[in-house]
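Now for the letters of each chain:
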Amino acid sequence: MTQVTVLRAGFLTTVQDLGRTGFRQFGVSLGGALDLCALRVANFLAGNEESAAGLEITFGGFQLRFTDERIVAWCGGEFDVRVGSTSLPAGHAARVRAGQEMKFDHPQTGCRCWLAVSGGIDVPLVLESRSTDLRASFGGFEGRALRDGDAIRLGARPGSPIPATIEISPWSAPKPWSQTASANPVLQVIRGADWGRFNDVTIQRFTNEAFAVSPDSDRMGVRLAGPELRPTNDAELVSEAVAPGTIQVPPSGQPILLLGDCQTIGGYPKIAHVITVDLGIAAQLRAGDVVRFSEISLAEAHRLLLQRERELERFRIGLSLHDS
């Protein structure tokens, strides 16, 4: 059996793929990697299908040992990553030999990264996904975060995306995809369903002032501290659908930015929604970070997403040429 051994599990490391789509009507969260684009890019670099399961590593301190030769790639925050004694930059593919170790130190900027290993992480499918649902304790590796000493199975190796004579690929993914953390993040938003419940002064606070990330944040959502955002009408709302990126405003007036493990419905006013292409930036927010919001149109959000999808497809095709 081909596997990797976890020498140090770090703060929080879980198996994630592109999430559980099609089950929200049953109350099952989407889950998956908090930055789907980063995992897709890492998978492309490692020679996998984009939906292959990888590892989401939070705050580093992670180390593993390989039992056979594999191709690895990672994307995310500003981490110092090493294969043996060799530094591996974000967005590059690298060859790892049998017996070698890979180490992720604590990040300088951001808080998460995504590691793809050729063949993917081979854990059972649960509701058509290999992602870990920490709140429901299913999926991933025994429904939990990884621990020191865990032995994780790997899938069959696909064809190598880099020539046998190369240890680290000279080509790389574009930096906006491979290193998404920002020292001064600005998240683009579109208007939420309850935008009209907030007066002009409150909207100006939301779009012009900064918010600090609270320590009370996790994969479900980022709690923010800043100017109070209170609706003009405090009538109780009927719970309705929410999704990763939704910004809710609870009675405290301090907004909550929902992430991948968020619930499927919510009853707080929804002032805005972070656009899909910026969810990777949101996934890097950690306690003490300061974030701002900037409104754009729905049409512009669609344009940016379509543009990124076209560029990702060109990138995938370009990588295939290296292996041809």
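What you are looking at is a predicted structure, and each value in this text was computed from that prediction instead of being measured.

Turning to the pairing of strand β9 (residues 101-104), a few remarks are in order. The side chains of a regular strand alternate, first on one face of the sheet and then on the other. Residues Met102 and Phe104 line the buried face of β9, whereas the alternating positions Glu101 and Lys103 sit on a face that is not buried. Strand direction decides the pairing type here: strand β4 (residues 62-66) and β9, joined by 4 bridges, are antiparallel. The residue bridging Phe62 from the neighbouring strand is Phe104, located in β9.

If you check which residues of helix α3 (residues 200-208) are buried, you get Thr202, Ile203 and Phe206. Viewed end-on, α3 has its buried residues packed into an arc of 100 degrees, placing them on one side of the element. Residues of α3 that are exposed and point over 90 degrees away from its buried face: Asp200 and Asn208. Where α3 is buried, its residues contact β12 (186-191), β13 (211-213), β16 (246-248), β19 (270-274) and β20 (290-295). N-cap assignment for α3: the residue whose side-chain oxygen lies 3.2 Å from the backbone N of Val201 is Asn199.

Attention shifts here to the packing of aromatic side chains. Each aromatic ring pair is characterised by the separation of its centres together with the angle its planes make. Counted under the stated rule, the structure contains 8 aromatic pairs. Their ring planes at 50 degrees and their centres at 6.1 Å tell us that Phe62 and Phe104 sit as a pair that is tilted. Pair noted here: Phe62 is in strand β4 and Phe104 is in strand β9, with a separation of 42 residues, a long-range link. In terms of burial, Phe62 and Phe104 fall into one category: buried.

One closed barrel accounts for 7 strands, arranged β12-β19-β16-β17-β14-β13-β20; its pairing is mixed. Averaged over all neighbouring strand pairs, the angle between strand axes comes to 40 degrees, with direction disregarded. The sheet contact formed by β13 and β20 spans 2 bridges and is antiparallel. Within β20, the residue paired with Ala212 across the bridge is Val290.

With that settled, the discussion passes to the nonpolar core. Val41, Phe206, Ile247, Leu257, Ile271 and Phe293 are the most contacted members of the largest nonpolar core, which totals 47 residues. Among the elements that line this core, the one with the most residues is helix α1 (residues 36-46), at 8 residues. The residues touching Ile271, leaving out its near neighbours within four places in the chain, are Arg191, Gly192, Trp195, Phe198, Ile203, Phe206, Leu229, Ile247 and Val249. Formed by 30 residues, the second largest nonpolar core is a distinct cluster that contains Val4, Phe79, Val83 and Phe141.

Here Glu128, not a glycine, exhibits a phi torsion of approximately 65 degrees, which is positive. Along the polypeptide, Glu128 turns up in the loop between β10 (109-117) and β11 (151-153). A residue is classified by how much of its surface remains accessible, and Glu128, at 65% relative accessible area, is exposed. With a phi angle near 60 degrees, Ser137 is a residue other than glycine that sits in the positive phi range. Among the structural elements, Ser137 can be located in the loop between β10 and β11.

What counts, and where the lines are drawn
Residues numbered from 1 in each chain as written. Predicted model: local features only at pLDDT ≥ 70, side-chain atom pairs only at ≥ 80, totals over all residues. Heavy atoms only, no water. Buried < 20%, exposed > 50% of the residue type's maximum accessible area, 1.4 Å probe, protein only. Helix = DSSP H or I, 4+ residues; strand = E, 2+ residues; numbered from the N terminus. Pairing = 2+ DSSP bridges. Arc of directions from axis to C-beta. Contact = heavy atoms within 4.5 Å. Polar contact = N/O pair within 3.5 Å; in protein donor to acceptor, adjacent residues only side chain to side chain. Phe/Tyr/Trp six-rings, centres within 6.5 Å; stacked < 30°, edge-to-face > 60°. Axes fitted to C-alpha atoms, helices over the stretch in contact; angles between N-to-C directions. Core = buried A, V, L, I, M, F, W, Y, C linked by side-chain atoms within 4.5 Å.

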